[in-house]
Amino acid sequence: MRAEHPPLAGYSRTVTPEHAFPEPTDTSAIRIIGRFEAGRGIPDAMRSDVRMLGALLGQVLREAGGDDLFEDVERLRLATIQAYDEETSDAFERAASIAESFSIERADEVARAFTCYFHLVNLAEEHQRVRVLRERAGQPGREEAADTVATAYARLKAEVGDDEARRRLEGLRFHPVFTAHPTEARRRAVSSGIRRLSELLTQHDAASEGGAEQHRARRRMLEEIDTLWRTAPLRAQKPSPTDEVRTVMGVFDETLFTTVPHVYRRIDDALRGDESGASAPVVPAFVRIGSWVGGDRDGNPFVTASVTREASRIASDHVLRGLERALERIGRTLTLDAEDTPPSDAVAALWQRFGEAEPLLADELGARSPGEPHRRVLLALAHRVAATRRGDEQRYEDPEELLADLRAVQSSLADAGARRHAFGGVQHLIWQVETYGFHLTELEVRQHSQVHANALAELEAGEAISAQTEEVLEVFRAIAEIQGDRGLRAAGRYVVSFTQAASDLANVHRLARHALGENAPVLDVVPLFETFADLQAAPAILAEVVTFPEFRARMAATGNRLEVMLGYSDSSKDVGPVAANLALYEAQEKIAQWAKDEGIELTLFHGRGGALGRGGGPANSAILAQPPHSVDGRFKLTEQGEVIFARYGEPAIAMRHIDQVAAATLLASSPTVEQRTSDAASRFADIAAVMDRSSRERFFSLVKAEGFAPWFATVTPMEEIGLLALGSRPARRGLSVESLEDLRAIPWVFAWTQARINLAGWFGLGTALAAVGDEARLTEAYREWPLLRTMIDNVAMSLAKTDERIARQYLALGDRDDLAQLVLDEMALTREWVIRLTGGVGLLENKPILQRAVQLRTPYVDALSLLQLRALRALREPADALGSGSEDEQRRLLLLSVSGVAAGLQNTG
């Protein structure tokens, strides 16, 4: 059943904050909306939020643009809903003709209106998720969800026993790495406005119905929506790498710094009940945050050594300020009298040393906290953290020194009987320092193997070196400085993209010696295997690498640990999504078995993007589909663009996401899960072989066809996407796109998404399944083989966001009917097979919540796609353009629609 579509602005003219849900006045609006009102699945609270926010946006449109703008938006909205509902060519053509009829100025305003609506619907959906999470948390005695660490631990303990389960919990590690890859289409100003609206929506929920506080919240929401409407939706210029660093820091300041300890506490509560907070926790600080922002220079000439130094400094400043505030906040609460809670000798010695170093400050703190030794010691620690930030004499040398002081305070409180304080607030501080240190993010450097080879060739030629080679050497000096200032965890991982030989990794150590001789920094050199051929060669390359002296020494120092990165983006662009997924599984299986045989503690680093064509999709189901021994309690992946803010931008959602991923990471190495995965891979190996071969052949028939690359650039807004000021990194490797090798994976995915084809996420799967042909066996494989199930479920989501009618319009922009038909045939075949295996008569019928979200948005995305098509036609065929407007105006309309479609589909690249 189709989802209902609350009106964007279809309300009476006198919409005011006092009138919560005014009725639509247009009879056609009543008729069309009424059909959707019968739809089920949208919770009443969310329906009310969407209708209220839509009403407020409608009021803003009338006030800002007059009745004519309001009515034009409504005409297109109702036409696209009708076209989506009726699925007739006449209805679709009516909607398209309305989009074509607008002046360029009006089309611009309509595109902005729909984009604003998507931001509001996304907000309402996020708010509903938070509402549900809070309701669940507030139900006493409610059984733990199946995908939490507490439940995973209970299952693991039943299989391996208490001692082994505890050992695995202690070794748990979740390590997201934030990247600055340009996939966040909305501006930071827009994101900030949406966050303020979220807070107002929460206040509206909490206020009495019809009361003054609710009225105030609605009035403020109206102001914020008006700001959203009047804020330029497109960035005027690309952000610098330092801008990108500061943007990511917002997630730490607003969410992660305080949320992660609450995750640990919630898990400890679930595992230990009332004992949690009264004794030492069983949950370790298992989260580590990495960052490529300011460190990833592969293909980005704007990331220099000075930028890397600044990125580390900014992150350190943020975490030290956060720790200082946390110490002051918790310190002020420790008003525990020395008579009842005497300090230990260690705490007394701490205070004495502080008094000798800072006598005036000690006198001041002592006067403010008479007889409260624990309070004044924590406040003294806060001053030492501030000194660390400023670089003063009384600074801490490293986070381990602060941890020792905190543990001394904790032990003192516990020994004095104040166990709730020792293992409550003080434990939160310890968790924060263990998680973030003095660096906040573990900054990683990435560079292309060819850049290293070129630099070494220059250096060993003995002649004057180029500026690029000098910059390569300066990076190693920057890493050494960061390690000296903030410790080894602050920087040291060096990722080599396009690793194709063991020598590519040895070259990093050679360059470090060229830069600093014997004073080279401590490096964990991480190979990144990206293409199909590189994935197949990976085990042999690794076997050679671990014989090198530098690698042997570093592994000996770290307990025989080794990290290997796998690239999802380029492998998918290389051989297609089906063959890439199968190749990634096989590579992980072989690498994991090799590491197990060699006694190596392996961490596989997954270079996943947000979109399905770049390895995206639900992380927890992907983890449980990994080969045996490839996870072993450690999961590391890249997070980027809209994914960072979607998963970590709201505290309740961030807590839930971390809990889910950690649960899957813990459970993935359980005997039953590993056995199930291994058995399924063996039993269905023949299916995998057929799918691999046939999907690659189908993919190559498209992408290796003569003239494919320029055709792709014509039928999608690929060229124009490069004009969006999304990030500092260039969108392509050369000046033009003559082959797929010239194009980065992100615009490859982004362009197909904008054309409503999503080809990068599914092409070749239909042919692969048809080549197997045995529906009964495929249904069995879908049910019992986690890898296939995850692949098909992700493709179902990708296909649900496509639209064949709109796709045909984009494909018609090119002059290759053969390629267009190939795409459409494969789309139909893939859709048919996915529905046959997942059941029902349509896509996502086995995932009704996701189906609802897609159906709610689709007609509105259609409206923006029609406006985008109009602009794209004008740019591709200017002589035939029907609408008025210069080339710059048409390009602006296209970019506005790109931003809006990205918001509507909730992913880019």
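Residues numbered from 1 in each chain as written. Predicted model: local features only at pLDDT ≥ 70, side-chain atom pairs only at ≥ 80, totals over all residues. Heavy atoms only, no water.

A.B. asks: Describe the overall build of the protein chain, naming the residues involved and giving the relevant values.
C.D. replies: Scanning the protein chain from terminus to terminus reveals 39 helices and eight strands. For the protein chain, buried positions account for 60% of its 909 residues. Taking the contacts inside the protein chain whose residues are at least 6 apart along the sequence as the reference set, 81% of them involve residues at least 24 apart. Taken as a whole, the protein chain presents about 34400 Å² of accessible surface, with 49% of it coming from carbon and sulfur. (Helix = DSSP H or I, 4+ residues; strand = E, 2+ residues; numbered from the N terminus. Buried < 20%, exposed > 50% of the residue type's maximum accessible area, 1.4 Å probe, protein only. Contact = heavy atoms within 4.5 Å. Areas by Shrake-Rupley, 256 points an atom, 1.4 Å probe, with all protein chains shown as cover.)

A.B. asks: Tell me about the packing of helix 4 (residues 104-137) against helix 7 (residues 188-206), residues and numbers included.
C.D. replies: At their nearest, the axes of helix 4 and helix 7 sit 10 Å apart, and the two run at 45° to each other. Judged by the angle between their axes, helix 4 and helix 7 are oblique. Between helix 4 and helix 7 lies a crossing whose hand is right-handed. Contacts from His-119, Leu-120, Leu-123, Glu-126, His-127, Arg-131 and Arg-134 of helix 4 reach helix 7 at Val-190, Ile-194, Arg-195, Leu-197, Ser-198, Leu-201, Thr-202 and Asp-205. Looking at the contact of helix 4 with helix 7, its residues break down into six nonpolar, four polar and five charged. (Axes fitted to C-alpha atoms, helices over the stretch in contact; angles between N-to-C directions. Parallel < 35°, antiparallel > 145°, perpendicular 65-115°, else oblique. Left-handed = near helix turned anticlockwise from the far one by under 90°. Nonpolar A, V, L, I, M, F, W, Y, C, P; charged D, E, K, R; others polar.)

A.B. asks: I'd like a description of the pattern of salt bridges, backed by residues and values.
C.D. replies: Following the criterion strictly, the structure yields 68 salt bridges and no others. Note that Arg-332 is salt-bridged to Glu-328, the shortest N-O span being 3.8 Å. With Arg-332 and Glu-328 both in helix 10 (residues 305-333), this residue pair falls four residues apart, about one helical turn. The exposure class of Arg-332 is partly exposed, given its relative accessible area of 45%. (Salt bridge = Lys/Arg side-chain N within 4 Å of Asp/Glu carboxyl O.)

A.B. asks: For the pairing of strand 6 (residues 561-567), give the residues involved together with the corresponding values.
C.D. replies: Across the seven residues that make up strand 6, a large majority, six, are buried. Bridge analysis of strand 5 (residues 524-529) against strand 6 gives two bridges, and the strand direction is parallel. Among the inter-strand pairings, Leu-528 is bridged to a residue of strand 6, identified as Met-565. With seven bridges connecting them, strand 6 and strand 7 (residues 601-607) associate as parallel partners. Across the sheet, residue Leu-562 finds its bridge partner in strand 7, namely Leu-602. (Pairing = 2+ DSSP bridges.)

A.B. asks: Give me the lowdown on the confidence of the model for the protein chain, citing residues and values where you can.
C.D. replies: Residues at a pLDDT of 70 or more form 90% of the protein chain, whose mean pLDDT is 89. Predicted confidence for residues 8-40 stays below pLDDT 50, and this span has 86 contacts to residues more than four positions away or in other chains. Every residue in residues 611-616 is under pLDDT 50, and counting partners more than four places away or in other chains gives 32 contacts. (pLDDT = per-residue confidence, 0-100.)

A.B. asks: Quick rundown of the nonpolar core? Include the residues and the values.
C.D. replies: Residues Leu-256 and Phe-286 are the most contacted members of the largest nonpolar core, which totals 143 residues. Considering every element that reaches this core, the biggest residue donor is helix 9 (residues 241-272), with 11 residues. Discounting chain neighbours no more than four positions away, the residues touching Leu-256 are Phe-178, Val-251, Pro-261, Ile-289, Tyr-436, Tyr-648 and Ile-658. Within the second largest apolar cluster, 130 residues are counted, among which are Ile-104, Leu-234, Ile-792 and Leu-856. (Core = buried A, V, L, I, M, F, W, Y, C linked by side-chain atoms within 4.5 Å.)

A.B. asks: Any details on helix 13 (residues 373-390)? Residues and values, ideally.
C.D. replies: The end-to-end C-alpha separation of helix 13 is 26 Å, in line with the 26 Å expected for 18 residues at 1.5 Å each. Phi turns positive one or two residues past the end of helix 13, at Gly-391, with a value near 80°. (Expected span 1.5 Å × (residues − 1).)

A.B. asks: Tell me about the packing of helix 12 (residues 359-368) against helix 13, residues and numbers included.
C.D. replies: In the contact formed by helix 12 and helix 13, the axes pass within 9 Å of each other and the chain directions differ by 145°. Relative to helix 13, the crossing made by helix 12 is right-handed. Mapping the contact onto sequence places Leu-361, Leu-365, Gly-366 and Arg-368 in helix 12 and Arg-375, Arg-376, Leu-379, Ala-380 and His-383 in helix 13. For the contact of helix 12 with helix 13, the class distribution of residues is four nonpolar, two polar and three charged.

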